[in-house]
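# Results of the structural survey
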Amino acid sequence: MAPSDQLNYPIHQRTLDNGLRVVVSPDHSVPMVAVNLWYDVGSRDERPGEHGWAHLFEHLMFSGSDHVATGEHLNLLQSLGGAVNATTWFDRTNYFETLPVGALELALWMEADRLASLPAHLDEASVDTQREVVKEEKRQRYDNVPYGDAMQQLVRLVFGPDHPYGHTTIGSMADLDTATAERAANFFRNHYRPDNAVLTLVGDVSAKDGFKRAERAFGHLPAWNRRQRPPITSLPPLQGVPVLQVTARVPAAATWFAWRLPPRDTPEFDACELAMVALGGGQTSRLHQQLVRNLGVAAGAGASAVPLVGGNSFGLVQLRALPGADAGAAIEAALIEVERLVTDGPTAAELARAKAQYAREWLSELASLDSRADMISAYTTLHSDPERINRRLAEVEAVTLDQVAAACAAYLQPGQRAQLDYQQEVGDAQA
Amino acid sequence: MRKPDHRPEVKAPPRWIFPEPAHWWLDNGLQVLAFHRPGQHIAAVSLVLDNPLSTEPGDIEGVATITQRCLDEGTATHSGPTFAERLEDIGAVLSGSAGYAASDLLLEVPASRLSEALPLLAEAISEPELRASDVERHQSLRLAEIDHTMANSSNRAQVAFRQAVIPGRFRASRLAGGTAATVAAITAEDVVAYHARHYRPEGATLVISGDLTNEVYHQAAAAFGGWSVPGTLSVHHQTPVSRTPHCWLIDRPGAVQADIRLGGFGIDRGDPRWADLQVATHALGGAFLSRLNRVLREEKGFTYGVHLVNSPMRDGGLLAVSGSFRTGVVTEALDLARTLLAVTGKPITTQEVRDAVNYTNGIAPLRYSTAQGVTERVASLVAAGLSAEFVNSNAVALTRVTPESATQAIGELLPPDALTLVVVGDAAALRDPLVAAGWPVTLKP
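Residues numbered from 1 in each chain as written. Chains lettered and ligands numbered in written order. Predicted model: local features only at pLDDT ≥ 70, side-chain atom pairs only at ≥ 80, totals over all residues. Heavy atoms only, no water.

Okay, the interface of chain B and chain A next. The interface is formed by 74 residues belonging to chain B together with 72 residues belonging to chain A. In this assembly, chain B and chain A are joined by seven salt bridges. Between Asp89 of chain B and Arg353 of chain A there is a salt bridge; the shortest N-O distance is 2.9 Å. Across the chain B-chain A interface, the total number found is 23 residue pairs in polar contact (both at pLDDT 80 or more). Per-element tally for the side of chain B that touches chain A: the top contributor is helix 4 (residues 132-151) of chain B, with eight residues. Along the lines of polarity and charge, the residues of the side of chain B that touches chain A split into 32 nonpolar, 20 polar and 22 charged. (Contact = heavy atoms within 4.5 Å. Salt bridge = Lys/Arg side-chain N within 4 Å of Asp/Glu carboxyl O. Polar contact = N/O pair within 3.5 Å; in protein donor to acceptor, adjacent residues only side chain to side chain. Helix = DSSP H or I, 4+ residues; strand = E, 2+ residues; numbered from the N terminus. Nonpolar A, V, L, I, M, F, W, Y, C, P; charged D, E, K, R; others polar.)

Here the focus is the domain arrangement of chain A. Accessible area lost on assembly of the parts is the figure often given for the size of an interface. Residue and element names in this part refer to chain A. Assigned domains of chain A: these are domain 1 (3-218) and domain 2 (243-424). For domain 1 versus domain 2, the distance between C-alpha centres works out to 28 Å. Interface of domain 1 and domain 2: buried area, both sides summed, is about 3800 Å²; carbon and sulfur atoms make up 69% of it. Of all residues in domain 1, Tyr9, Trp38 and Tyr147 give up the largest surface area on contact with domain 2, accounting jointly for 19% of the area buried on that side. Note that Arg372 is salt-bridged to Asp27, the shortest N-O span being 2.8 Å. Among the secondary structure elements, those contributing two or more residues to the side of domain 1 that touches domain 2 are strand 2 (21-26), strand 3 (32-39), strand 5 (92-100), helix 5 (150-159) and strand 6 (197-203). (Domains from an automatic or database assignment. Buried area = accessible area lost by both parts, 1.4 Å probe.)

What follows is about the environment of Met375 of chain A. Looking at the secondary structure, you find Met375 of chain A in helix 13 (residues 369-383). Spatially, the C-alpha atom of Met375 of chain A lies 7.8 Å from that of Glu365 of chain A, the residues being ten residues apart in sequence.

Now for the sheet that holds strand 1 (residues 22-25) of chain B. A sheet is described by the order of its strands in space; here six strands give the open sequence 1-2-6-3-5-4 (chain B), paired in mixed fashion. A strand with exactly one partner marks an edge of an open sheet, and here the two such strands are strand 1 and strand 4 (93-98) of chain B. The average angle at which neighbouring strand axes cross in this sheet is 15 degrees, direction not considered. Along the sheet, helix 12 (residues 348-365) of chain A makes contact with strand 3 (42-49), strand 4 and strand 5 (103-110) of chain B, crossing strand 5 of chain B at roughly 95 degrees. Taken strand by strand, helix 14 (residues 371-383) of chain B contacts strand 2 (31-36), strand 3, strand 5 and strand 6 (205-210) of chain B, and its axis lies near 10 degrees from that of strand 3 of chain B. (Pairing = 2+ DSSP bridges. Axes fitted to C-alpha atoms, helices over the stretch in contact; angles between N-to-C directions.)

Residues and elements named next belong to chain A. Within the structure shown, the criterion is met by 24 aromatic pairs over all chains. Ring centres of Phe257 and Trp259 lie 6.1 Å apart, and the angle between their planes is 85 degrees; this geometry places the pair in the edge-to-face category. Taken together, Tyr39, Trp53, Phe57, Phe62, Tyr95, Phe187, Phe188 and Tyr192 form an aromatic cluster joined through their ring pairs. Between the NZ or CZ atom of Arg417 and the centre of the ring of Phe257, over which it lies, the distance is 4.9 Å. (Phe/Tyr/Trp six-rings, centres within 6.5 Å; stacked < 30°, edge-to-face > 60°. Lys NZ or Arg CZ within 6 Å of the ring centre and 35° of its normal.)

Moving on to the side chain of Thr149 of chain B. Considering the arrangement of structural elements, one finds Thr149 of chain B in helix 4. Ignoring sequence-local partners within four residues, the contact set of Thr149 of chain B consists of Asn155, Arg156 and Val159 of chain B.

This is how it looks when you write it as structure tokens:
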């Protein structure tokens, strides 16, 4: 039996009068429920000068509303046995709590309270504190970490600084500095609305009960007119291999290749993603076998695809040099492997293996209530089709060798890449 | 529609009990635990070996890690890369580590392919090729990995804290994967010898979770029943103790933040104070509005997050305030942390105990709802010398914690005047302010 034949998660959907899309997927295996809210706003919606605002304002969602004190949302739900957090990404901002089912109504009430009343409670003091917290996050996760700015550099190289995907969610210190309570309030009024959100409930709750509770908590909120994004255009593959060389305090030289790919969950993107798995997705992949195992020119070599909805996704190859060596031999060998893949495509065995790996990762994503709820919110927000979580594996299994070969030739040519090179600062390099 | 102004009531969660596993032994002494999780499409399997790192010869520390990493590079039945291809063909992934108390392997695979995956796991542990070329490659990759570990501020702080708290005569004071000098000294013969001596079915445990059928008894026996190793081996586990407190500053020139570890030697899950410590840790530095995070993050904005981290080992443990702070506020943050850790004048409250117990017991069903969650947690308990029954007995123990018992436990384990401090950051900017603020730091290379 193919893994795809097994998938039959129940999906019940309803749209409230104010436009809030609600999806309920009952699962009575444990007495808990995952509450997952996606707001259709991410770093791609930030304009120049606003880089990092979507994420900073995500922090402010925990700063209190009409009936909830500062920090209380997170702390109270934790104290009832809940796992609570929020994250921001290019394509969305999500808020989630997975808790004992007896606390479901309270969680929905608190989510609705902050959606309804947050802007009125923002003040400069809380913006200032969370700005400092976010700057510490930037230092801790990016600025004080070797290669920590790689993703920022890569998306800028691939998309250009003014493109919606040309900057990452953490943003810049300068733009964080210009955020104010008033600007935050405007941002919330523009983006945080019932008709710009998806609420998913997965767990020990019936569809009828889930809809009733969602209606009770959110139904009174007014409707807005759904915001329209400017039309999205897909960028063609890069030409001319833009290269950026960075000298930094890093433990070894390293290089990334990056490509513009088609938008997520299209047959072309799926074909590219499977090609990336064959190229660098695991121990049997071509890059690992050739660069790490056979030639011994790299300490690590891998490839991956980052799915995005707005016209393009991107794909990456990462190469880490051995201690004291430069990345030249690894780069040369990797380009030969990329060239070989785009010329001949993967073998049938490689494609079958890539699909088997994809299937395991997909099933793992759906294994827990919380991450299943997040997947359902994703497919509702980005593709208007939560049922697709049950069909995705069949879609990927249907991708043919010819499709992968064609996608490689169209999108993954060595000449269509951008390249980011890290070299060790003199003094750090130790042979 | 009317706006619901009244805060909804919360219904108490039903008492949840971690289900008993099916539990049996194969004739070769291998213990098997099977957890049936209906609806879980991924099966997760762990093999836990009773081979603590104290069994490594001192001059080749890291040999257990290199051995573990070479297991999937080829077996007698599937030579070289064909082994990994066979694994990936069925959608399986094999990972693992050589930990201080035990080596473990973790296999994840769609449950429908479990019967094909178990024999591959058995091959990897019982008949790996362990070729010299594979050993040399993993040696070189491990040396590169050490460079990356030490270049990372947070990892560097963790490594130093372990060294500062545990005396050097205990293996747990040093890197699990060995240092550059000991890794460089490992030969292929060492790896073959380590595998022959320490990979044995007696004392080992196989944990299988997922949507299982009754076939699992047969599958386990068919895959692992033939695994036998001549002779017997008596395994000794070290019982580390605490060093006297140290204050260390490790230089990372130009770093924009400093990583802090402030704490001491802790306890393991077998200590009668374990539940008390869990509660106190949550109240001081686990919850979002814990005493530490409320002040240092939410009021001061000094950090992205600060935690009191309770890391049990098989015997003893590590207990430390852990956080990353911009350089200019480090001394103020440390002074606040030391004050916030002092519970004698400000004991743990009834509310804090209730919140900590509700949190820990409340999220347990979620943690154990997936095959991966069950297998990884049970494997870590087995590695610590405990059984799966610990989950339920600890849940009960938590309900008996009082404000007094939690306050007493943390007061004993983290006396504010005898804490060990490790700071990894820009020494030129940090050293004088730290000394002036009463932290007599020694600069460590």
